[in-house]
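# Working through the structure, step by step
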Amino acid sequence: MAKKKILIIEDEATLLKALTEFLITEGLEIISAMDGEKGLEMAKKELPDLILLDIILPKKDGYEVLDEVKKDEKTKNIPVILLTNLESPEDIDKAFEKGASTYLVKSNYKLEEIVKKIKETLEKKA
């Protein structure tokens, strides 16, 4: 089976590094961006199997990125997992309205659990 490619769009360098290292050990290919604009560019160019997306980002926020990913014919079927610190019901509703597959609040999940959610989402897509 070909390696699954995950695009992580996260501006918190420590978390990005930890997620990247952890996902690589799980046999996934990782590409990343630290702002929404670059992330969107990479999503369109690389066509990853899944996008792990923060909401609070420089240049374009996660909602803008999610909107544009879901409106683009080439990227609209890529599952997007939002991984954020925002936990209000409004934020969660907004994310699902815009087409997010899953919504994870960073403080509620360990790395292992995030990886499990990524794998579950990839299996549903397969």
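Remember, it's a predicted structure, so these values are computed and weren't measured experimentally. (Residues numbered from 1 in each chain as written. Predicted model: local features only at pLDDT ≥ 70, side-chain atom pairs only at ≥ 80, totals over all residues. Heavy atoms only, no water.)

### Quick notes on the pattern of salt bridges
Counted according to the given criterion, the structure contains 13 salt bridges. In this structure, Lys119 and Glu26 form a salt bridge, with 2.6 Å as the shortest nitrogen-oxygen distance. Taken together, the positions of Lys119 in helix H5 (residues 111-125) and Glu26 in the loop between helix H1 (13-25) and strand S2 (29-33) put the pair 93 residues apart, joining distant regions of the chain. Classification of Lys119 by relative accessible area gives partly exposed; the value is 30%. Look at Glu26 and you get partly exposed, because its relative accessible area is 33%. Across the pair Lys116 and Glu120 runs a salt bridge, and its minimum N-O distance is 3.3 Å. Residue Lys116 and its partner Glu120 are both found in helix H5; the two are separated by four residues, about one turn of the helix. (Salt bridge = Lys/Arg side-chain N within 4 Å of Asp/Glu carboxyl O. Helix = DSSP H or I, 4+ residues; strand = E, 2+ residues; numbered from the N terminus. Buried < 20%, exposed > 50% of the residue type's maximum accessible area, 1.4 Å probe, protein only.)

### Focus on the pairing of S2
In terms of strand pairing, strand S1 (residues 5-9) meets S2 through five bridges, oriented parallel. Counted as the bridge partner of Lys5 is Glu29 from S2. Handedness of the crossover joining S1 and S2 through H1 is recorded here as right-handed. (Pairing = 2+ DSSP bridges. Right-handed = clockwise from strand over helix to strand, strands pointing away.)

### Regarding the environment of Ile24
Turning to its location among the elements, Ile24 is positioned in helix H1. With 18 residues separating them along the chain, Ile24 and Ile6 place their C-alpha atoms 9.8 Å apart.

### Regarding the environment of Glu87
Among the secondary structure elements, Glu87 is positioned in the loop between strand S4 (80-84) and helix H4 (89-97). The spacing of Glu87 and Ile55 is 32 residues in sequence and 11 Å in space, taken between C-alpha atoms.

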